[in-house]
Amino acid sequence: MREPKQQRAVETREGILQAAAEVFDEMGYAGAGINRILKRAGATAGSLYFHFESKEGLARAVMSRQSESILPFLESEGLQRLVDITRVWAHQLQSDAMLRAGVRLTTEAGILGLGGAEEPYTAWAHVMEDCLLTARDRGELQAGVDPLQLAEHIVATCTGMQLFSEAASTDRTDLPHRTRRMWQLLLPGIAVPATAVRIDLDPLGAEKLGRGGAVPG
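Keep in mind the model is a prediction, meaning the values are calculated, not measured.

### Topic: the pattern of salt bridges
- In this structure the tally under the stated criterion is 15 salt bridges.
- When the shortest N-O distance is used, the salt bridge between Arg60 and Glu53 registers 2.8 Å.
- The closest approach of N and O atoms between Arg104 and Glu108, which form a salt bridge, is 3.0 Å. In this pair, Arg104 and Glu108 are both assigned in helix α6 (residues 97-112), 4 residues apart and thus about one turn of the helix distant.
- Of the residues examined, Arg104 reaches a relative accessible area of 29% and is grouped as partly exposed.
- Each member of the salt-bridge network shares a partner with another, and the members are Glu77, Arg138, Glu140 and Arg198.

### Thoughts on the environment of Gly33
- For Gly33, the location among the structural elements is in the loop between α1 (2-31) and α2 (34-41).
- With relative accessibility at 33%, the residue Gly33 sits in the partly exposed group.

### Here we look at the environment of Ile85
- Along the chain, the position of Ile85 falls in helix α5 (residues 78-92).
- Here the alpha-carbon distance between Ile85 and Asn35, two residues 50 residues apart in the chain, equals 35 Å.
- Ile85 has contacts with Ile70, Leu71, Leu74, Trp124, Val127, Met128 and Cys131, leaving out every residue within four places of it along the chain.

### Re the packing of aromatic side chains
- What the rule picks out here adds up to 1 aromatic pair.
- Judged by centre distance (6.0 Å) and plane angle (10°), the ring pair of Phe24 and Tyr29 falls under stacked.
- By relative accessible area, which is 13% here, Tyr29 ends up buried.
- The ring of Tyr29 carries Lys55 above its face, with NZ or CZ at 4.4 Å from the centroid.
- Its end group placed over the ring of Phe164, Arg178 keeps NZ or CZ at 4.5 Å from the ring centre.

Thresholds applied
- Residues numbered from 1 in each chain as written.
- Predicted model: local features only at pLDDT ≥ 70, side-chain atom pairs only at ≥ 80, totals over all residues.
- Heavy atoms only, no water.
- Salt bridge = Lys/Arg side-chain N within 4 Å of Asp/Glu carboxyl O.
- Helix = DSSP H or I, 4+ residues; strand = E, 2+ residues; numbered from the N terminus.
- Buried < 20%, exposed > 50% of the residue type's maximum accessible area, 1.4 Å probe, protein only.
- Contact = heavy atoms within 4.5 Å.
- Phe/Tyr/Trp six-rings, centres within 6.5 Å; stacked < 30°, edge-to-face > 60°.
- Lys NZ or Arg CZ within 6 Å of the ring centre and 35° of its normal.

See the structure below:
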């Protein structure tokens, strides 16, 4: 009997989390009331507070899920994997409520004083640093490139790009092309020439990755 109950608990938690992501995406943290989230999820207050201690805890859980909208689709390695992370991110931000909500909440967290506002940025920087360490081991990076500094720079640049894109009222449809331009500017200064010329920057390729069509690196 324990397994069905555990499965139901997992499904209930995921349902609440998905509903919360949709409401946070639409309304922002301040506008997302618990009752609205419960109605969207078809859940009770008791079940919500069993899994999440507060609205802030629910928001932190959504913020922490950003990478799950991206990393499972990727099989590439090294510098191509880092590029693919940003390509899929730019594509998924147009339609993936969990990712959109996580990005919106991360942007709002510092302003609203939510706990752990820096954690999503730090988590992404470490993911990207790992890609760059692999790239360095594979001989893909130019001498003197610091993986952590570059990773933090890319996180900051992507944060600014998506805010710029959102402000342009395009619903981020231009974000894949902005991301490609970012790499066109960065690659000549960080990658050895043989690697720079073979890196795939095609936004349409990112759409395929976002549907689960992994491309080996």
